[in-house]
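# Residue-level structural notes
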Amino acid sequence: MVSSASNGSSSGSKTRDIDGDLAGVGYKVRSSELPQVAQNIERLENVFGNSSSDISQLASDTVMYNPSDIGSWLDTLLSEFDQTVSLPYDLSDLPDLAADQNPQPTLVTTVEEDSGIRLVHMLMTCADSVQRGDLPFAGSLIENMQGLLAHVNTNCGIGKVAGYFIDALRRRIFAQNVFLTTPYENDVLYHHYYEACPYLKFAHFTANQAILEAFNGHDCVHVIDFNLMQGLQWPALIQALALRPGGPPLLRLTGIGPPSPDDRDTLREIGLRLAELARSVNVRFAFRGVAAWRLEDVKPWMLQVSPREAVAVNSIMQLHRVLGSGPDPVGSGIETVLGWIRSLNPKIVTVVEQEANHNGEGFLERFTEALHYYSTVFDSMEACPVEPDKALAEMYLQMEICNVVCCEGPARVERHEPLAKWRDRLGKAGLRPLHLGSNAFKQASMLLTLFSAEGYCVEETQGCLTLGWHSRPLIAASAWQAAPMQDRETLLFEQ
């Protein structure tokens, strides 16, 4: 027994010595892993032996990263030998397309890497030509860029994003039809985008928590939703109100949405479904649909607000659609909408907007910002669990890209602006900020646990919450309340 223990101790010491020697010469592998490494080497030799034509290509067209991590390197090489390899995104022009935050050994063809870099430069050159009005030259670049797409993986990374931006530029340069959808199709794409990634869920959860807290102690509450869509946001709030200590209040919901293209009353149908849910959890509920193509067309009297109600106005990625291209003139759409919002004297106004700046006057600046922003969004979506209809979710983003790049004037409605500009604009409109509490932060953080991907982060900044991918915020949520009104404004509301 003593001899056996001594031999075991000696064996363990030798193992540690071998591990130390391997580490000393730079190999990230333990002695216990060497049999598996040897087996993988044998497998790799067999692959090379059966594919002699591919060896020269691998020898001349590949770059090996961190070969000292030999175990992982072999696994990666074997797994990717028969697959299309992907770009590492180490592009100085697009720092937000950073490489994997937890770098692993990768195999990248120099042809694909060079093509990706050239694509980015040609996109910027094309956008600059559009801004200068040199459409013939810009048009000639479209064909060249489409040829380069054949050398990159268009299923992910820069290849996918570049494809969407090339398509948008082509539509603008050659005056082709802009990417348009019917209200029904837009609802379908919105739903798939909601399911594919956490951004819309974050918006709904954060807004609902703020509304729930604002309604505390009120027996009659009224939510005005600027974009009802399929009513996805409201089942959670109805259930939360049902569990409120002391019993639920009377809940009125006014949903704004586009008119139905046929004889159906889509808004009413959504209202009936929500009413059935409310009935099942014993929440008194009333619904009103307001059909309007634009928020500017909505008038306060359409909402039938009572002074006895606690009012919440909810805007999920809608206010930017009312912005003009320059500084807000008196009487512009955003001035009008914010004016009647304040006249309702709401208990809370929840605003969620893209944390981006796609409303600049110069086309090149707008294009560059959009390329950075949507590259990061698509990068984050690649890390989410694969959805069967993920392509439909990406089509929702493609519509936004097309509008940002193709359209000008009133047709350009995707006029995203960063939180700092919204703070200034909403403050000047007579709204004061409310602090999104710790419960909203906890809700948002718990939401991210539904997604296995690391890299999403929730941050609190001056009472607002942002959801981003690694170091870049992509969506911002804030809450507001009407500042005390003057007598004249109160009388206007009562009328």
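First, a word on what this report is: a plain description of the structure on this page.

Cut-offs used in this document
Position labels on residues start from 1 in each chain and follow its written sequence. For this predicted model, a pLDDT threshold of at least 70 governs which residues receive local features, and a threshold of 80 or more governs which side-chain atom pairs are given and counted, while totals over whole chains, interfaces and linings are taken from all residues. Remark: hydrogens and water are excluded; side-chain values derive from all non-hydrogen atoms of the structure. Helical segments are the DSSP runs of H or I of at least four residues, strand segments are the runs of E of at least two, and each set is numbered from the N terminus. Here's how the labels work: a residue is buried when its accessible area is under 20% of the maximum for its type, exposed when over 50%, partly exposed in between, all with a 1.4 Å probe on protein chains only. In this analysis, two residues are considered to be in contact whenever any of their non-hydrogen atoms come within 4.5 Å of each other. Accessible surface is estimated by sampling points in the Shrake-Rupley manner with a 1.4 Å probe; for residues, cover comes only from the protein chains shown. Here a cavity means grid points, on a 1 Å grid over the protein atoms only, where a 1.4 Å probe fits yet cannot get out; a pocket means an open set of points with protein on both sides within 12 Å along at least five of seven lines; lining residues are those with an atom within 4 Å of a point. Grid points are joined across faces, edges and corners, and a volume is the space filled by probe spheres set on the points. We call Asp, Glu, Lys and Arg charged. Ala, Val, Leu, Ile, Met, Phe, Trp, Tyr, Cys and Pro are nonpolar, and the rest, Gly among them, are polar. Definition used in this section: a nonpolar core is a set of buried Ala, Val, Leu, Ile, Met, Phe, Trp, Tyr and Cys residues joined via side-chain atoms within 4.5 Å. Whenever a carboxyl oxygen of Asp or Glu lies within 4 Å of a side-chain nitrogen of Lys or Arg, that contact is scored as a salt bridge. Relevant arc is that of directions from the helix axis to the C-beta atoms, nothing else. An expected span of 1.5 Å times one less than the residue number is assigned to each helix.

A word on the overall build of the protein chain. Scanning the protein chain for helices and strands turns up 17 helices and eleven strands. Within the protein chain, the fraction of its 495 residues that count as buried is 49%. Contacts spanning at least 24 positions in sequence make up 77% of the contacts within the protein chain whose residues lie at least 6 apart. Total accessible area on the protein chain is roughly 23,900 Å²; 52% of this is exposed by carbon and sulfur atoms.

The volume enclosed by the largest pocket comes to roughly 1,200 Å³. Along the walls of the largest pocket sit 46 residues, with Asn-186, Trp-293, Arg-321, Val-413 and Glu-414 positioned nearest its centre. When contributions to the lining of the largest pocket are tallied by element, the ones reaching two or more residues are helix H8 (183–196), strand S4 (250–257) and helix H14 (390–406). Among the residues making up the lining of the largest pocket, the classes are represented as 24 nonpolar, 14 polar and eight charged.

Moving on to the nonpolar core. If you look at the biggest cluster of nonpolar residues, it comprises 94 residues, and the most contacted ones within it are Met-145, Phe-165, Leu-169, Tyr-193 and Tyr-199. Apart from the residues within four sequence positions on either side, Tyr-199 is in contact with Tyr-193, Val-377, Ser-380, Tyr-456, Leu-467, Trp-469, Leu-474 and Ile-475. In this structure, Leu-303, Ile-334, Leu-338 and Trp-480 belong to the second largest nonpolar core, which totals 28 residues.

Pairing between side chains of opposite charge can happen when the charged atoms of each approach one another. Applying the stated criterion to the full structure yields 18 salt bridges. One salt bridge in this structure joins Arg-170 and Asp-167, with 2.3 Å as the shortest N-O distance. Placement of both Arg-170 and Asp-167 in helix H7 (residues 157–173) is noted, with a separation of three residues, approximately one turn of the helix. On the accessibility criterion, Asp-167 (13% relative accessible area) is buried.

Its identity is not glycine, yet Asn-282 carries a phi of approximately 65°, on the positive side. Topologically, Asn-282 is positioned in the loop between helix H11 (266–280) and strand S5 (285–291). What makes Asn-282 exposed here is its relative accessible area of 64%. Phi angles above zero are rare outside glycine, and Gln-304 is one such case at about 50°. Within the secondary structure, Gln-304 sits in the loop between S5 and strand S6 (310–316).

What follows deals with helix H15 (residues 419–428). Each turn of an α-helix holds 3.6 residues, which means side chains three or four residues apart point in the same direction. Along H15, the positions that sit buried rather than exposed are Leu-419, Trp-422, Arg-425 and Leu-426. For H15, the buried positions fall inside an angular range of 125° around the axis, keeping them on one side. In H15, the exposed residues that point more than 90 degrees away from the buried face are Ala-420 and Lys-428. Tucked into the core, H15 has its buried residues touching helix H12 (333–343), strand S7 (348–354), strand S8 (431–434), strand S9 (456–461), strand S10 (464–469) and strand S11 (472–482). After H15 finishes, the residue Gly-430 shows a positive phi value of roughly 90°.

Turning our eyes to something else, we now look at empty space enclosed by the protein. All told, the structure shown has four cavities of 30 Å³ or more when counted by the stated rule. The calculated volume of the largest cavity comes to roughly 90 Å³. Lining the largest cavity, in full, are Tyr-193, Tyr-199, Met-317, Gln-354, Tyr-373, Tyr-374, Val-377, Tyr-396, Leu-397, Glu-400, Leu-474 and Ile-475. When residues of the lining of the largest cavity are traced back to their parent elements, those giving at least two are helix H13 (363–382), H14 and S11. Residue composition of the lining of the largest cavity, by class: ten nonpolar, one polar and one charged. Of the voids in this model, the second largest cavity is the one considered here, and its volume is about 70 Å³. Along the lines of polarity and charge, the residues of the lining of the second largest cavity split into five nonpolar, six polar and one charged.

Our focus in this paragraph is H8. Between its terminal C-alpha atoms H8 stretches 20 Å, which fits the 20 Å expected from 14 residues at 1.5 Å a residue. For H8, the complete set of buried residues consists of Asp-187, Leu-189, Tyr-190, His-192, Tyr-193, Tyr-194 and Ala-196.

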